[in-house]
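Listed here are the chains, written in short residue letters.
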Amino acid sequence: MASEAQRLLHYLAEHYTGREEAKDLERASAGLEEHEIAAEQRRVIRREHQLADKLARAFQRGLRRAYEAHCAGGNAITLDDRRRDENEMAEALIHFLVGPGLAKSTTRETQPMHYLYIISIDWEALERVARDAQVDLASVLEAH
C-alpha cells in the first residue's frame, strides 16, 4: 500500500510536474503522429511516478523538516547538497513543490559546484492540493 506521501507525490506527478512536461512535449513534437505523442506523454507520467516512488522518503523527511521549522516560527529550511540526505530532500522538494509553485527556492554557492538550497513552502497551497488529492497531509507531516 502506498504511503500518504507517495499518494501526494503521484497526484503532483499526474496533475502538475508530469502534466507540464507532457505539454512541453506536445509543443515540441511537430511532425509526430497523435498516437506517438500520446505514448510519449504516458512515458513521461510513468517516469514521474517512478521518480515519486524513488524520492518519497526524502520528500517526506524534507516536508517534515520544513513543517517543524514552520511550527517554530521559521519560514524556510536550508539544505546542503554536500550531505546526501539533504541533497535528496532538496531534489524532492524542488522538483515536486517548487516547479508547481507550491514552494520557493533560492540557492547560495558554498564552494565551486556545491550549494545551499533555501526552501520555503506555501502551506496553504499545499493543503489545498492535499485535499484535492484526498491525502491526509497531517499524517504525512507527523513524526514516526
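Residues numbered from 1 in each chain as written. Predicted model: local features only at pLDDT ≥ 70, side-chain atom pairs only at ≥ 80, totals over all residues. Heavy atoms only, no water.

### Regarding the pattern of salt bridges
Taken as a whole, this structure holds 9 salt bridges when the rule is applied. Across the pair Asp85 and Arg83 runs a salt bridge, and its minimum N-O distance is 3.7 Å. If you follow the salt bridges from partner to partner, you end up with Arg65, Arg83, Asp85 and Glu86 in one network. (Salt bridge = Lys/Arg side-chain N within 4 Å of Asp/Glu carboxyl O.)

### Quick look at the packing of helix H2 (residues 34-71) against helix H3 (residues 84-98)
Viewed as axis vectors pointing N to C, H2 and H3 meet at an angle of 110 degrees, and their least axial separation amounts to 7 Å. The orientation of H2 relative to H3 falls into the category roughly perpendicular. When the axes of H2 and H3 are compared, the crossing they make is left-handed. Two secondary-structure elements touch here, H2 through Glu48, Leu51, Ala52, Leu55, Ala58, Phe59, Arg61, Gly62, Leu63 and Arg65 and H3 through Asp85, Glu86, Glu88, Met89, Glu91, Ala92, Leu93, His95, Phe96 and Leu97. Partitioning the contact of H2 with H3 into residue classes produces 11 nonpolar, 2 polar and 7 charged. (Axes fitted to C-alpha atoms, helices over the stretch in contact; angles between N-to-C directions. Helix = DSSP H or I, 4+ residues; strand = E, 2+ residues; numbered from the N terminus. Parallel < 35°, antiparallel > 145°, perpendicular 65-115°, else oblique. Left-handed = near helix turned anticlockwise from the far one by under 90°. Contact = heavy atoms within 4.5 Å. Nonpolar A, V, L, I, M, F, W, Y, C, P; charged D, E, K, R; others polar.)

### Observations regarding the sheet that holds strand E2 (residues 103-111)
The strand order E1-E3-E2 describes an open sheet built from 3 strands, whose pairing is antiparallel. Edge positions in the sheet fall to strand E1 (77-80) and E2, since each of these pairs with one other strand and no more. Across the sheet, the axes of successive neighbouring strands diverge by a mean angle of 25 degrees, strand direction being ignored. As paired elements, E1 and strand E3 (residues 114-121) share 4 bridges and run antiparallel to each other. (Pairing = 2+ DSSP bridges.)

### Examining helix H4 (residues 123-132)
Along H4, the positions that sit buried rather than exposed are Trp123, Ala125, Leu126, Val129 and Ala130. For H4, the arc enclosing every buried residue in end-on projection is 160 degrees, short of the 170-degree limit, so these residues lie on one face. The exposed residues of H4 that point more than 90 degrees off its buried face are Glu124, Arg131 and Asp132. Positive phi appears at Gln134, one or two residues downstream of H4, with a value of about 60 degrees. (Buried < 20%, exposed > 50% of the residue type's maximum accessible area, 1.4 Å probe, protein only. Arc of directions from axis to C-beta.)

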